[in-house]
Amino acid sequence: MKRILVTGGAGFIGNHLCRRLLNEGNYVICLDNFFTGLKQHIEDMLDNPNFELIEHDIVEPIDIECEQIYNMACPASPPHYQYDPVKTMKTSVLGILNMLELAKKQGATILHASTSEVYGNPLVHPQQESYWGNVNPIGIRSCYDEGKRAAETLLMDYHRQYGTDIRIIRIFNTYGPNMDPKDGRVVSNCIMQAIKGEDITIYGDGSQTRSFCYVDDLVDGAIRMMNNDKGFIGPVNLGNPSERTVLNLAQMVLEMTGSNSKLSFMPLPSDDPVKRKPDITKAQQMLGWEPVVDIKDGLAKTIDYFKSIS
Ligand code: NAD
Ligand code: UDP
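Below is a summary of the structure that appears in this document. (Residues numbered from 1 in each chain as written. Chains lettered and ligands numbered in written order. Predicted model: local features only at pLDDT ≥ 70, side-chain atom pairs only at ≥ 80, totals over all residues. Heavy atoms only, no water.)

Re the packing of helix 3 (residues 85-106) against helix 4 (residues 142-162)
Selection rule: Each axis is a line fitted through C-alpha atoms, and for a helix only the stretch in contact is used; angles between axes span 0 to 180 degrees, taken between their N-to-C directions. Numbering of helices and strands starts at the N terminus; helices are DSSP runs of H or I of at least 4 residues and strands are runs of E of at least 2. When describing relative orientation, an angle under 35 degrees is termed roughly parallel and one over 145 degrees roughly antiparallel, while 65 to 115 degrees is termed roughly perpendicular and anything else oblique. Crossings are assigned a handedness: left-handed for a near helix turned anticlockwise from the far helix by less than a right angle, right-handed for a clockwise turn. The contact definition used throughout considers only heavy atoms, calling two residues in contact when any of these lie within 4.5 Å. Throughout, the ten residues Ala, Val, Leu, Ile, Met, Phe, Trp, Tyr, Cys and Pro are labelled nonpolar, Asp, Glu, Lys and Arg are labelled charged, and all others, Gly among them, are labelled polar.
Where helix 3 contacts helix 4, the axes come no closer than 9 Å and their chain directions differ by 15°. As judged from the angle between their axes, helix 3 and helix 4 are roughly parallel. Considering how the two elements wind past one another, helix 3 and helix 4 form a crossing that is right-handed. When helix 3 is examined against helix 4, the residues Pro85, Thr88, Met89, Ser92, Val93, Ile96, Leu97, Leu100, Glu101 and Lys104 are found in contact with a partner set consisting of Cys143, Tyr144, Glu146, Gly147, Lys148, Ala150, Ala151, Leu154, Leu155, Tyr158 and Tyr162. Residues of the contact of helix 3 with helix 4, tallied by class, amount to 14 nonpolar, three polar and four charged.

Take a look at the structure:
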């Protein structure tokens, strides 16, 4: 049994991660400021004696006894992280600084949830970890993209300067049950709109691509990365290399829900990446990891979840 801190543990990926770590026999400390996280997503764990909830903002320092830290805290959907961009930057930079100080003090291993957004609007396709990216430093996505890039820098510098045991995962678009139906991401929007018979909002012409990874696969990759015995610190891409257009995703959701919703084309937000697909060779070689959940199975579970709450 390990004492494991999960920041952002009440968030979408965080709650799945907490549950899996708990089921594997660990003591899990979920830390969250409930900016985008929801108490209902961790309610089932609250009575477990091996689960602890701490309401805290990682922008403020904290001392917690722990052996491993998963730093997931940060709003992830564009409407959420653009709502208070200054706070997003603080969470990304001051937050990871506080968590790195904690890891250093506790001698803990820290895994950080970075993102495919560090590649920006990529000029290399598919994206390998060696690609430095094409990021606008002054746009509306920059608070998140540059915040995550600065966080990676801090992680590497703590590792080089203080020998802190770090892991960096670059997460590509992830979906599944317990997503916030109002988070504005394409999967949640499409499914909710299809279920309610509302127009499906397609930004731009829908030809932009994403690669969607089911949350169980992602959590499995994160845990493998944390516990790998090869001294592999990353960064490592974790995502599903099966690439599709936004339009194709919307059509799949329409078919699977049997919805009569129409497509409604809206302006493409600025700096919206044109394509995105992870090269997961490193994850395959170093972690023996690759996604196993097919998009149809993952979407079916996600649709069931959204139906159950609407
Ligand atoms: P989410 O918004 O559902 O969860 C984030 C959690 O962090 C929430 O519970 C929120 O309340 C909490 N939080 C935010 N700021 C905080 C702060 N200052 N202090 C304490 N808690 C704070 O997002 P998610 O989809 O679960 O993403 C989790 C992590 O994975 C994030 O770091 C995100 O950047 C990264 N990521 C996610 C995706 C994805 O597709 N979901 C893709 C790339 C990277
Ligand atoms: N998108 C869309 N309709 C929506 C929400 C998003 O067409 O209702 C598009 C968005 O412009 C982007 C893609 O879907 O091109 C993925 O958006 P999401 O917010 O899910 O993730 P990210 O842009 O961070 O990859």
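Let us keep going from here.
A word on the site of ligand 2
Quick note on the threshold: Neighbouring residues are identified by heavy atoms, a residue being near a molecule or strand if any of them is within 4 Å of it. Counting of polar contacts relies on pairs of N or O atoms within 3.5 Å, with two restrictions inside protein: one atom must be capable of donating a hydrogen and the other of accepting it, and residues adjacent in sequence are counted only when both atoms are side-chain atoms. Per-residue accessibility takes into account occlusion by the displayed protein chains alone, with areas from the Shrake-Rupley method and a 1.4 Å probe.
The full set close to ligand 2 counts 17 residues, and Asn189, Thr201, Arg210, Asp272 and Arg276 are the nearest of them. Within the side chain of Arg141, a nitrogen or oxygen atom sits 3.1 Å from an oxygen atom of ligand 2. One of the side-chain N or O atoms of Asn189 is found 2.8 Å from an oxygen atom in ligand 2. Computed on the free molecule, ligand 2 has an accessible area of 520 Å², of which 96% lies beneath the protein chains in the complex. Every element with two or more residues in the shell around ligand 2 is listed here: helix 5 (186-196) and strand 8 (200-203). In terms of residue count, the dominant contributor to the shell around ligand 2 is strand 8 (three residues). Class assignment for the residues of the shell around ligand 2 results in six nonpolar, five polar and six charged.

Examining the site of ligand 1
Near ligand 1 lie 29 residues; those nearest to it are Ile13, Asp32, Thr36, Tyr144 and Arg185. Gly11 has a polar backbone atom sitting 3.0 Å from an oxygen atom of ligand 1. Contacts to ligand 1 include Phe35, whose backbone N or O atom sits 2.9 Å from an oxygen atom. Protein coverage of the free-state accessible area of ligand 1, which is 820 Å², stands at 96%. Broken down by secondary-structure element, the contributors of at least two residues to the shell around ligand 1 are helix 1 (12-23), strand 5 (109-115) and helix 4. With three residues, the single largest contributor to the shell around ligand 1 is strand 5. Classifying every residue of the shell around ligand 1 by side-chain character gives 14 nonpolar, 11 polar and four charged.

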